[in-house]
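# A closer look at the structure
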Amino acid sequence: MLNVDFNKLASLINANVQGANATVNNAEDAKFDSSITVEASKIFAVCEFLKTNKEMPFNSLQCISGVDWVEFMEVCYMLAHFDTTNPREFILKVKVTDRVAPAVDSVVKVWAAANFQEREVYDMFGIKFNNHPDMRRILCPDDWQGWPLRKDYIAQKDYNGMAVYPDNKMNFEDREFIVRQDMIKKAQLAASSN
């Protein structure tokens, strides 16, 4: 990323946030981009430190996104420091291993921009953000079933009396999606019966 010495930044985080266990993810590894992963339980303290430290501050949260790797889920924070003489940006990540009740602390108190972004990650992945001022869905209706961007998501057939995927409106990709959904459902049923 832009103007960031990842090893120095990881060391700085570890020296100032006890238990953060910041590790550098190198771009050479096909599964990662250049980023730093910290303990999920320390995300608030790490973000607070990154915003306020004098040596390498990050004054802006650009984006929060989620990723479902099947073995775990990940929350990614794209941070930046807007400065004409020394701009920087990088991706900070946390791993969430609990798929039943995934949760991390909200960073809304650090960056107000996190508000709607955390709600979107919650809506799409089901990852709850503890201490969020308004933790509810933002894209799907409040009574929608499931988390649409999870790999194990199965779309409901009907919603409020309407077909979610009506036959006369489906294109090839939609039909392919329904076939994959049926395969996932069968695999889940087979796994639960064993």
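What this report covers is the structure whose coordinates are included nearby. Worth saying up front: this structure is predicted, and the values here are computed from it rather than measured. (Residues numbered from 1 in each chain as written. Predicted model: local features only at pLDDT ≥ 70, side-chain atom pairs only at ≥ 80, totals over all residues. Heavy atoms only, no water.)

### Looking at the pattern of salt bridges
One pass over the full model with this rule turns up nine salt bridges. Two residues, K93 and E74, come together in a salt bridge whose shortest N-O distance is 3.8 Å. Of this pair, K93 sits in strand β5 (residues 88-96) while E74 sits in strand β4 (residues 73-81); the two residues are 19 residues apart in sequence, bridging distant segments of the chain. Note on K93: relative accessible area 4%, which makes it buried. Residue class for E74 comes out buried when judged on its relative accessible area of 1%. We note a salt bridge from R136 to D134, for which the minimum N-O separation is 2.9 Å. One network of salt bridges, in which partners are shared, links D68, R99 and D152. (Salt bridge = Lys/Arg side-chain N within 4 Å of Asp/Glu carboxyl O. Helix = DSSP H or I, 4+ residues; strand = E, 2+ residues; numbered from the N terminus. Buried < 20%, exposed > 50% of the residue type's maximum accessible area, 1.4 Å probe, protein only.)

### Quick word on the state of the cysteines
Applying the stated criterion across every chain, the model contains zero disulfides. Looking at the unpaired C47, the closest cysteine sulfur is the one in C76, lying at 12 Å. The closest cysteine sulfur to the non-disulfide-bonded C63 is located on C76, 8.9 Å from its own sulfur. (Disulfide = S-S within 2.5 Å.)

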